[in-house]
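Observations on the model geometry
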Amino acid sequence: MTPQPGYSTYDDVLTGKCPFGGSTVGGVQASPPTLSDWYPDRLRVEQLHRDGVAADPLADLDHRAAFATIDLAELKADITRLLTTSVSWWPSDYGNYAPQMIRMAWHSAGTYRIADGRGGAGQAMQRFAPVSSWWDNGNTDKSRRLLWPIKQKYGAALSWADLIVLTGNCALEVMGFPTTGFGGGRRDAWEADDATYWGPEHLDMTRAGSYDDMVDRSGRWTAEPGEPGYELQQPLAASHQALIYVNPEGPNADGDPAASAVDIRITFGRMAMNDVETVALIAGGHAFGKSHGAVPAEQIGAPPEMAPMEAMGLGWHNPVGSGNAEHTMTNGIEGSWTPNPTQWDNAYLENLFGYEWEQTRSPAGALQWTPSDPSAPRTPDAHREGVSHPLMMMTSDIALKVDPVYREVCQRFLADFDLFTREFSKAWFKLTHRDMGPKSRYLGSEVPAEDFIWQDPLPVRQHPVIGGADLERLRGAVRGAGLSTSDLAFTAFSSAVTHRGSDQRGGANGARVALAPQKDWAVNRRTVPVVAALREVVDAFNASGSARVSLADAIVLGGCLAVEDAAAAAGFAVEVPFTPGRVDATQEQTDVAQFQWLAPVVDGFRSYEQPDLASVTDVAPERFFLDQAALLGLSAPQWVVLTGGLRALGCNHDGSSTGVFTDRVGALTTDFFTTLTSTDLQWTKADEAAGRSTRFTLDDRESGEVVRTATRNDLVFGANAQLRAVAEVYAARDGGQRFVRDFVAVWDQLMMADRFDVPSSEPSSPAAPRAGAARAA
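It should be emphasised that the depicted structure is a prediction, and the values quoted were computed from it without experimental measurement. (Residues numbered from 1 in each chain as written. Predicted model: local features only at pLDDT ≥ 70, side-chain atom pairs only at ≥ 80, totals over all residues. Heavy atoms only, no water.)

**Some points on the overall build of the protein**
The test is simple: In this description a helix means any DSSP run of H or I spanning at least four residues, a strand means any run of E spanning at least two, and both kinds are numbered starting from the N terminus. It is over C-alpha atoms that the radius of gyration is taken, and the globule rule equals 2.2 Å times the number of residues to the power 0.38. Accessible area is worked out with a 1.4 Å probe on protein chains only. A residue is then buried under 20% of its type maximum, exposed over 50%, and partly exposed in between. In what follows, a contact means two residues having at least one pair of non-hydrogen atoms within 4.5 Å. Here the Shrake-Rupley method, with its probe set to 1.4 Å, supplies the accessible areas, and only the displayed protein chains count as covering residues. Note that His is not counted, nor are the chain ends; the positive residues are Lys and Arg, and the negative ones are Asp and Glu. Where a charge lies is defined by one atom per residue type: Lys uses NZ, Arg uses CZ, Asp uses CG and Glu uses CD.
Of the regular secondary structure elements, the protein holds 26 helices and 13 strands. In terms of overall size, the protein behaves like a compact globule, its C-alpha atoms giving a radius of gyration of 29 Å where 777 residues would be expected to give roughly 28 Å. With respect to the principal axes defined by its C-alpha atoms, the protein has extents near 90 × 85 × 55 Å. Burial analysis of the protein (777 residues in total) assigns 57% to the buried set. Across the protein, contacts joining residues at least 24 apart in sequence account for 71% of those joining residues at least 6 apart. Counting every atom, the protein has about 31,900 Å² of accessible surface; 52% of that belongs to carbon and sulfur. Here the protein holds 66 positive side-chain charges and 97 negative ones, and the gap between their average locations is 4 Å.

In structure tokens form, the structure reads like this:
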């Protein structure tokens, strides 16, 4: 009998041998080595497409409408009942889950960092690697699993991200603390984050994710505590890999409170918190619950991402005793800060400043502090009746007493408990909502009426949206202002490109490109005379009749008209969508220090690099450019087409011709792509910096004549295989019309990225981008 295809003999069929012509299977889809193993330095362009619609089972859901169906009072009542209903598989401390739920919510939100807006509670990334398995998140998996019956009840209408934060609020409230409010509307992620840079330290996960392997600070600091030049690497906020904030035992786990205070100020500052907010969060959070250190770290099992299949996503198995309750192990420090750990009061600060503290060790061996006075108050055991323990402080608590600024804030809170309560309430609200963007994105009946400066508030529009004949009159006025196509496009793009999808900050609405600090950025200097000219247009327009328009709308309209004119110059008639309704922010509504974080180190779209880039980083410019594209929410094709269009429009920050591969600047041609892919030309290094070339010349192969100049952020679209594949589409003979159409679509997407007042512009909407139809003129 003839063997079946893939089998060596008929006997192989009968004995069930592997049909691949061998007796073993070495790997399957995604088994290592993968591309990142073979080519660790490759530009991972595919990361632009992570967590897309294909991964989202709720992609068709109207999230706002779904959230509106929730009875918030009923939901909060359900959460409150859960908090005081202990279960045997994970008993609550003190008969109340509230303290551990505060920790869960705090750690979910506490990953936020101001430098790039990543982290935070907005997508419930605490459910996924790597955050889910960080040492500092030990046993937060139990908190989320306890919440599953509530999530199951409310289904798609209630995201995990909203549930985690709301549970933190309910936990505070059930212990007598008045919260500032709650805004819903967060949308869950659906896959692990394999792109965010959490630090350079490589975790040796072959040892089951033990403390010594995970908690590492060896690569992120420029010096040791107390030494000159002691700085934390950008864009990081946490002091250690696998921690949310700082090591509670001190920077080097050596119990140095003064050094701990330095780390606290840097870390909380990177989270956009000032000194008052920092003290309020630490002192307020430590008013509740306890820390767990009953068992040495080396006895604890693997984190969730490495746990065995039968653990069903739960990690940190504890084999000692019951494995929970009085045997619980989390961060290694054991004890509570107050005599009543489930009641809001000022006992934390009263104890911290009312007693002297001396170092001791927990049962797990962690360094902690205990009152030197044996008559100091004690705290009840969390599970055993009639048992009490000495109070506990961490080195990071003693730091508030040692640092003169923190100490002064603490003294104010000690003298005025109502002030402390207000400041903690506001700081908690900021912590849990900082990554949500403007208040207009908040949903629900508990959204506070007050505007906070960190929300980047905008004024309420006081006039109807411009349209009809008035809009046509404005179009004519902008076109008649004597501004070039290139300048109009550059200014509109500069106004919009600050938007980041990570924390929904920046963008064209508000016209903050005309305000400090943005107007003073080197990359924006070219916008200053254009903004001044457009302001004159707006003032004259608003004085000439009843219609009103904002400077923000005029800036964007100018860019849209420029794109229309550029398309026409290339032979295509196109209508670029323009949606008016923007408003102008004031300088008082703009936190200069917080907006300064939006200033680019590298802006590849406008051919800008920080002047001393090579001296402050060894990260290649094209990696910054990829990061910028990711923050803008661009796909690889959108990144390619937007760059090519901006080069054609002459949108370099300094007006230079670098990367502008055309003699028809201001016409929306595909010259950038045809030049980039030409085989008649060759690229030559023009310099060398930090071990790599950053400038290049394009030379004619035959004559050797220099034809063009470029940077790495131009050549990457021809050198990277994935980007080149897209560039070739537009470089082809039939690519012109597609290029114009796609550029208009991504231009409109960018101009509308922060228009949360327009429902179709809400981030993550499955709706396709709006675009005008390009047709041959």
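That was the structure; now back to the text.
**Description of the sheet that holds strand S11 (residues 695-700)**
The cut-off we apply is this: DSSP bridges decide pairing: two strands pair if at least two such bridges lie between them. Note on method: axes are straight lines fitted to C-alpha atoms, helices fitted across the in-contact stretch only, with angles between N-to-C directions ranging 0 to 180 degrees.
Spatially, 3 strands are ordered S10-S11-S12 in an open sheet, and the strand pairing comes out antiparallel. This sheet does not close on itself; its edge strands, each paired only once, are strand S10 (681-685) and strand S12 (706-711). For this sheet the average axis-to-axis angle between neighbouring strands, irrespective of direction, equals 30°. Of the strand pairs in this sheet, S10 and S11 are connected by 5 bridges, and their pairing is antiparallel.

**Examining the packing of helix H5 (residues 98-109) against helix H6 (residues 140-154)**
Quick note on the threshold: In this scheme, roughly parallel covers angles under 35 degrees and roughly antiparallel covers those over 145, while 65 to 115 is roughly perpendicular and the rest are oblique. The classification used treats Ala, Val, Leu, Ile, Met, Phe, Trp, Tyr, Cys and Pro as nonpolar, Asp, Glu, Lys and Arg as charged, and all other residues, Gly among them, as polar.
Contact geometry for H5 and H6: axes closest at 9 Å, N-to-C directions at 110°. In terms of their interaxial angle, H5 and H6 are classed as roughly perpendicular. Residues Gln100, Met101, Arg103 and Met104 of H5 form the contact with H6, whose participating residues are Thr140, Ser143, Arg144, Leu146 and Leu147. Classifying every residue of the contact of H5 with H6 by side-chain character gives 4 nonpolar, 3 polar and 2 charged.

**Some points on the confidence of the model for the protein**
Applicable threshold: Residue-level confidence of the predictor, termed pLDDT, takes values from 0 up to 100.
Overall, the predicted model of the protein reaches an average pLDDT of 93, with 93% of residues at or above 70. The low-confidence segment residues 763-773 (pLDDT under 50) makes 27 contacts with residues lying over four places distant or belonging to another chain.

**Digging into the packing of aromatic side chains**
Cut-off, in case you're wondering: To pair, rings of Phe, Tyr and Trp, with the six-membered ring standing in for Trp, must have centres within 6.5 Å; the planes then decide the type, stacked if under 30 degrees apart, edge-to-face if over 60, and tilted in the middle. Two thresholds decide whether a charge sits over a ring: the Lys NZ or Arg CZ must be within 6 Å of the ring centre and within 35 degrees of the ring normal.
Throughout the structure, instances matching the rule amount to 32 aromatic pairs. Centroid distance Phe177 to Trp344: 4.8 Å. Interplanar angle 80°. Geometry classified as edge-to-face. A residue pair is termed long-range when its members are at least 10 positions apart, and Phe177 in the loop between helix H7 (160-174) and helix H8 (211-214) and Trp344 in the loop between strand S2 (335-336) and helix H11 (347-354) qualify at 167 residues. By relative accessible area, which is 7% here, Trp344 ends up buried. Directly above the ring of Phe490 sits Arg526, whose terminal nitrogen or CZ lies 4.6 Å from the centroid.

**A closer look at the packing of helix H16 (residues 485-496) against helix H22 (residues 636-649)**
With their axes 9 Å apart at the nearest point, H16 and H22 run at an angle of 140° to one another. The orientation of H16 with respect to H22, classified from their angle, is oblique. Along the contact surface, H16 presents Thr485, Ser486, Ala489 and Phe493, while H22 presents Leu642, Leu646 and Leu649. The residue inventory of the contact of H16 with H22, partitioned by class, reads 5 nonpolar, 2 polar and no charged.

**A few points about the pattern of salt bridges**
Going by this rule: We define a salt bridge as a contact between a side-chain nitrogen of Lys or Arg and a carboxyl oxygen of Asp or Glu at a distance within 4 Å.
For the coordinates displayed, the defined rule picks out 40 salt bridges. With a shortest N-O distance of 3.1 Å, Arg265 and Asp275 are connected by a salt bridge. Placement of Arg265 in helix H9 (residues 257-270) and of Asp275 in helix H10 (residues 275-285) is noted, with a sequence separation of 10 residues between them. In this structure, Asp553 and Arg582 form a salt bridge, with 2.9 Å as the shortest nitrogen-oxygen distance. In this pair, Asp553 sits in helix H18 (residues 551-569) while Arg582 sits in the loop between strand S7 (572-573) and helix H19 (592-595), placing the two residues 29 residues apart along the sequence. Since its relative accessible area comes to 2%, Asp553 is described here as buried.

**Here we look at the side chain of Arg118**
The topology assignment puts Arg118 in the loop between H5 and H6. Under the relative-accessibility criterion, Arg118 is labelled buried at 16%. With sequence-adjacent residues up to four places away left out, Arg118 is seen in contact with Thr111, Tyr112, Arg113, Thr196, Ser502, Asp627, Ala630 and Leu631.

**Comments concerning the pairing of S12**
Pairing geometry for S11 and S12, over 5 bridges, is antiparallel. Within the sheet, the bridge partner assigned to Arg695 lies in S12 and is Thr711. Joining the antiparallel neighbours S11 and S12 is a turn of 5 residues, in which Gly704 adopts a positive phi near 80°.

**Quick look at helix H25 (residues 721-731)**
Our working rule: Of all possible arcs, the one meant is that of the directions from the helix axis to the C-beta atoms. Pairing of N or O atoms within 3.5 Å defines a polar contact, subject to two protein rules: one partner must be a possible hydrogen donor and the other a possible acceptor, and residues neighboring in sequence count only if both atoms are side-chain atoms.
Of the residues making up H25, those classed as buried are Leu723, Val726, Ala727, Tyr730 and Ala731. Looking down the long axis of H25, one finds its buried residues gathered within 145° of arc, a one-sided arrangement. Sitting at the head of H25, Asn720 places a side-chain oxygen 3.0 Å from the backbone nitrogen of Gln722.

**Comments concerning helix H15 (residues 468-479)**
For clarity, the threshold we go by: Helix span is expected to be 1.5 Å times the residue number reduced by one.
Its 12 residues give H15 an end-to-end C-alpha distance of 17 Å, which sits within 8% of 16 Å, the value for a rise of 1.5 Å per residue. Elements that come into contact with the buried residues of H15 comprise H16, helix H17 (527-543) and H18.

**A short note on the environment of Ala68**
Take Ala68: it is sitting in helix H3 (residues 63-68). Owing to a relative accessible area of 61%, Ala68 belongs among the exposed residues under this scheme. Once the C-alpha coordinates of Ala68 and Gly633 are considered, the two residues, 565 residues apart in sequence, prove to be 27 Å apart.

**What to know about unusual backbone geometry**
Each neighbour pair has its own omega, and for Ala129 with Pro130 the value is 0°, a cis peptide bond. Mapped onto the secondary structure, Pro130 falls in the loop between H5 and H6. Cis rather than trans, the peptide bond between Ala516 and Pro517 has omega equal to 5°. Examined against the element boundaries, Pro517 turns out to sit in the loop between H16 and H17. Residues other than glycine seldom take positive phi values, yet Tyr94 does so here, at roughly 60°. By the secondary structure assignment, Tyr94 is in the loop between helix H4 (72-83) and H5. One non-glycine residue with positive phi stands out, namely Ser607, at about 55°. Following the sequence through the fold, Ser607 ends up in the loop between strand S8 (602-603) and strand S9 (608-609). Judged by its relative accessible area of 18%, Ser607 falls in the buried class.

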